Amino acid sequence: MTMSLSAELWPDVQPDAARRLMLAGVESFAQRGYHATTTRDIATNAGMSPAALYVHFPSKAALLFAISRSGHEQALALVQNAAEQADTPMTALREIVERFVAWHARRHTVARVVQYELGALPEQEYRVVAELRRGIERIVHDIVVRGAEAGQFTASDPMTAARAVLSLGVDVARWYTDRSRTSPAELGRQYGELALRMLGADPARAASPRN
């Protein structure tokens, strides 16, 4: 990843040195895992001295929290926007899955850290991120409920269904690479269809608004 990507990923983070450290943290955590990564590793990847990290982040955990919170805020905004732009529960679910999956594929390195290093967060920071995750789940849960009430979905437990649908996107970050043959957008479309079939819906009746 390049430094220009850091501005795209975290446009609200200032100064640029803080964004560089976040990008270096993502690369280091993805390669070594949080616990095996040292502050020296992160600073070296950012082209800085180890002491420079503490100017912007009080600890390695604080850096992970900044990365994780930002990623979950982006995912929540993505899901909210998709839900608000759809006319029916079926189109809403399909659009959410398409965007959620495509984001996890396109930003697979960041998403891998965001989704799979949660256990390393301190308790207070974990609660903040967990609430963002619950916000995402609630939106999908409500769509599943509305779809079931309208006879569009079959779901005996809407929350379990919501988590299963979201897990499709989360898992993409684990295996997707830049060498994958399927583009993020195409993968999103495929998963959107799979998600509807999981809930007993006909994908032909829920064409993406972009189609």
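Here the structure is shown first, and the text comes after it.
Residues numbered from 1 in each chain as written. Predicted model: local features only at pLDDT ≥ 70, side-chain atom pairs only at ≥ 80, totals over all residues. Heavy atoms only, no water.

## What about the overall build of the protein?
Then, in step 1: Looking only at helices and strands, one finds ten helices and zero strands in the protein.
Then, in step 2: Moving toward the C terminus, one meets the helices and strands of the protein in the order α-α-α-α-α-α-α-α-α-α.
Then, in step 3: A principal-axis box enclosing the C-alpha atoms of the protein has dimensions of 60 × 35 × 25 Å.
Then, in step 4: When burial is assessed residue by residue, the protein has 51% of its 211 residues classed as buried.
Then, in step 5: Considering only contacts in the protein between residues 6 or more positions apart, those separated by 24 or more positions represent 68%.
Then, in step 6: Of the roughly 10200 Å² that the protein leaves accessible, carbon and sulfur atoms contribute 49%.
Then, in step 7: Both charge centroids of the protein, one from 24 positive and one from 23 negative side chains, sit 5 Å from each other. (Helix = DSSP H or I, 4+ residues; strand = E, 2+ residues; numbered from the N terminus. Buried < 20%, exposed > 50% of the residue type's maximum accessible area, 1.4 Å probe, protein only. Contact = heavy atoms within 4.5 Å. Areas by Shrake-Rupley, 256 points an atom, 1.4 Å probe, with all protein chains shown as cover. Lys, Arg positive; Asp, Glu negative; His and termini not counted. Charge placed at Lys NZ, Arg CZ, Asp CG, Glu CD.)

## Quick look at the nonpolar core
Then, in step 1: If you look at the biggest cluster of nonpolar residues, it comprises 37 residues, and the most contacted ones within it are V79, L93, V140 and F153.
Then, in step 2: When contributions to this core are tallied by element, the ones reaching two or more residues are helix 5 (60-85), helix 6 (89-106), helix 8 (123-149), helix 9 (158-175) and helix 10 (184-198).
Then, in step 3: Here this core takes nine residues from helix 6, the largest share from any one element.
Then, in step 4: The residues touching L93, leaving out its near neighbours within four places in the chain, are V140, I143, F153, V165, A195, L196 and L199.
Then, in step 5: The next biggest cluster of nonpolar side chains, apart from the first, holds 29 residues, and it includes M48, F57, F65 and V110. (Core = buried A, V, L, I, M, F, W, Y, C linked by side-chain atoms within 4.5 Å.)

## Focus on helix 2 (residues 16-32)
Then, in step 1: In this model, helix 2 (17 residues) spans 24 Å end to end at C-alpha, consistent with the 24 Å of a helix rising 1.5 Å per residue.
Then, in step 2: The set of residues buried in helix 2 consists of A18, R19, L21, M22, L23, A24, G25, V26, E27, S28 and F29.
Then, in step 3: G33 sits one or two positions beyond helix 2 and adopts a positive phi of about 90°. (Expected span 1.5 Å × (residues − 1).)

In short, shape yes, function no, at least from these values alone.
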